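Notes for the structure review
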Amino acid sequence: MSTEMALSDFGMDPMPLRRLTKRQKAAVIVRLLLAEGIELKLSDLPEELQTELAQQMSSMRFIDRVTLKSVVDEFVEEIESVGLSFPGGLEGALNVLDGTISPATVARIRKAKGFNFTGDPWETIAGLDPARLLPVLEEESVEVGAVLLSKLKVSTAADLLGRLPGPRARKLAYAISLTGSVEPAVVDRIGRAIAEQLDAQPLKAFSDGPVERVGAILNFSPAATRDDVLEGLDAEDQAFAEEVRKAIFTFANIPDRIDARDVPKITRDVDPAVLITALAGAMGGPLAPAAEFILGAMSKRMADQLREEIANVGKVKPKEAEEAMGTIVSTIRELEAAGEVLLLAGDDD
C-alpha cells in the first residue's frame, strides 16, 4: 500500500499541486528547507507575511512526493529565471546604496517618503554609535531605558550606564529587573519608536563637537597663538576653556599621555633629523622633561647616540624646533587614529 493510499484511508488526502496557492507553495518550500536544517531569517519579512506564513503552515497537513517535487521544480525554475533582483522597499534600497550616497541624501529621502522602519528595529539601533543612544537613556522613562539597555550588547550597555549620573544609573539598573514580564510586542514597539526618533534627529553639520574642533585647531597652532586663545577662552567661558585644554595634545603632554613602551614605535615613524631638531630645541627649557622622557624610553645605546647628535647640533631656531615638535605630535595623532597608540588620560600610569 502506498503512502498516499494510507493517508487516504485515514481521511487525510494529500494536497495535489493544482490546488496549492502561491502562499501554500511558499509554506512548502519553507517547511522543506527547515527540515533540511537550513536557517532562514524570516524576521526581515513584513509582520503580515510572517503571520500569513504561520497560518498557512498550521492549516496544511500532507502533500505527496510528486506534488513536493513539482513545487520544488517550479521554485527552482523561478529562481533560475531571475537575472537580477532589487531589494524590496525603501530600506532595502538604502542598504544597497549605503556608502554611495551621502547621509544628508538618505535623510531627505526618508523624510520625503515618510519612512517607517521595517524588520527588526533593534538591529538598526545596535548598529548606531552608542553616543547617540545616551540622550534616550537620559530623557526617556526608566522603563524605556531599561528595555533599551536589555537589548544592547552587555559591553555597550555597561559603557552607557557608566556615562550616566549615579542616581539615574541606579534607577535604570533596578528597572532592568522588572523587564522580565514585558511582552515581545511592547518591546518591538519601543524599538520602533526609538529607531524612528533617532532617525528623525537632524543631521549635524560637524561630526565632532566644538571642544574637539577647537582642540584640534590649537594642536597645530603655534604655542604663542595657543596660549593667547586659551587665555581669551578663560575670560569668556572658563569651563569650555578647561575642556579644550583636556582635548589638546602637545609636545609637553608626551610624558603624561604616552606610554613609554610606545615611544620606539613613534620615533620609528619620525625622520631622524626632525627628531634630533625637536629634542635639541626642547633641551634646557620648559620642554626638557618631554625630551628626557623620549630618550629614557629608548635603549641606552640609541639614547646615547641621539644625545651626541643633539650636542653636535647645538642651539636650534625656536621656529624650527616648534615645527619639528609639531611633526612628532602629528605622528602620534596619526598612530592614535590607526589604533596603534593609546593616549592616556593624563594621570594614568
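Here the structure is a predicted model, which is why all the values come from computation and not from measurement.

Within the protein, the secondary structure is distributed over 21 helices and zero strands. The 349 residues of the protein split such that 31% are buried. Within the protein, contacts between residues at least 6 apart in sequence are counted, and of these 74% link residues at least 24 apart. Summed over its atoms, the accessible surface of the protein is roughly 22,500 Å², and 55% of this surface lies on carbon and sulfur atoms.

Each pair of packed helices can be described by the angle between their axes along with the distance between the axes. With their axes 10 Å apart at the nearest point, helix α2 (residues 22–35) and helix α4 (residues 65–80) run at an angle of 95° to one another. The angle between α2 and α4 falls in the class roughly perpendicular. Of the residues in α4, those in contact with K25, V28, I29 and L32 of α2 are L68, V71, V72, E74 and F75. Of the residues contributing to the contact of α2 with α4, the split by class is seven nonpolar, no polar and two charged.

Further remarks concern the packing of helix α8 (residues 130–139) against helix α9 (residues 142–151). For the pair α8 and α9, interaxial distance at closest approach is 7 Å and the crossing angle is 145°. Seen along the crossing, α8 lies across α9 with a hand that is left-handed. Contacts between α8 and α9 involve L133, V136 and L137 on the former and, on the latter, G145, L148 and L149. Taken together, the residues of the contact of α8 with α9 sort by class into five nonpolar, one polar and no charged.

Take α8 next. L133, L134, V136 and L137 are the residues of α8 that are buried. One side of α8 holds all its buried residues, which, seen down the axis, span an arc of 165°.

Moving on: a nonpolar patch on the surface. A grouping of F75, V76 and I79 is seen on the molecular surface, where their side chains present a nonpolar patch of about 250 Å² in accessible area. As for its placement among the helices and strands, V76 is situated in helix α4.

This brings us to the nonpolar core. Formed by 32 residues in total, the largest nonpolar core has its most connected members in F251, I254, I258, L279, I328 and I332. Mapped by element, the contributors of at least two residues to this core are α17 (263–268), α18 (272–282), α19 (288–296), α20 (300–313) and α21 (318–337). With seven residues, α21 is the single largest residue contributor to this core. Excluding anything up to four places from it in sequence, I258 contacts F249, V263, I266, F293, I332, V341, L343 and L344.

This part is about the environment of A175. Looking at the secondary structure, you find A175 in helix α11 (residues 166–176). With relative accessibility at 9%, the residue A175 sits in the buried group. The spacing of A175 and A146 is 29 residues in sequence and 5.6 Å in space, taken between C-alpha atoms.

Scoring rules and cut-offs
Throughout this description, residue numbers start from 1 for each chain and increase along the sequence as written. Note on the predicted model: pLDDT of at least 70 is required for a residue's local features to be given, and 80 or more for side-chain atom pairs to be given and counted; whole-chain, interface and lining totals, by contrast, use all residues. Only hydrogens and water are removed before side-chain values are computed, so all heavy atoms of the structure are retained for them. For the purposes of this entry, the term helix denotes a DSSP run of H or I that reaches at least four residues, the term strand denotes a run of E that reaches at least two, and both are numbered from the N terminus. The rule is simple: take the accessible area with a 1.4 Å probe, protein chains only, and divide by the maximum for that residue type; under 20% is buried, over 50% is exposed, in between is partly exposed. For this analysis, residues touch if any pair of their heavy atoms sits within 4.5 Å. In this description, accessible areas are obtained by the Shrake-Rupley approach with a 1.4 Å probe, and a residue is regarded as covered only by the protein chains that are shown. Lines fitted to the C-alpha atoms define the axes, with helices restricted to the stretch that makes contact. Angles between their N-to-C directions range from 0 to 180 degrees. Angle categories: roughly parallel below 35 degrees, roughly antiparallel above 145, roughly perpendicular from 65 to 115, and oblique for all the rest. Residue type decides the class: Asp, Glu, Lys and Arg count as charged, Ala, Val, Leu, Ile, Met, Phe, Trp, Tyr, Cys and Pro as nonpolar, and the leftover types, Gly among them, as polar. What makes a crossing left-handed is the near helix being turned counterclockwise from the far one by less than a right angle; a clockwise turn instead makes it right-handed. Comment: arc refers to directions from the helix axis out to C-beta atoms. Patches were defined on residues exceeding 30% relative accessible area and lacking a salt bridge, with like-charge contacts within 9 Å and nonpolar side-chain contacts (Val, Leu, Ile, Met, Phe, Trp, Tyr) within 5 Å. Here, a salt bridge means any side-chain nitrogen of Lys or Arg that lies within 4 Å of a carboxyl oxygen of Asp or Glu. Only buried Ala, Val, Leu, Ile, Met, Phe, Trp, Tyr and Cys residues count toward a nonpolar core, and they belong to the same one when joined by side-chain atoms within 4.5 Å.

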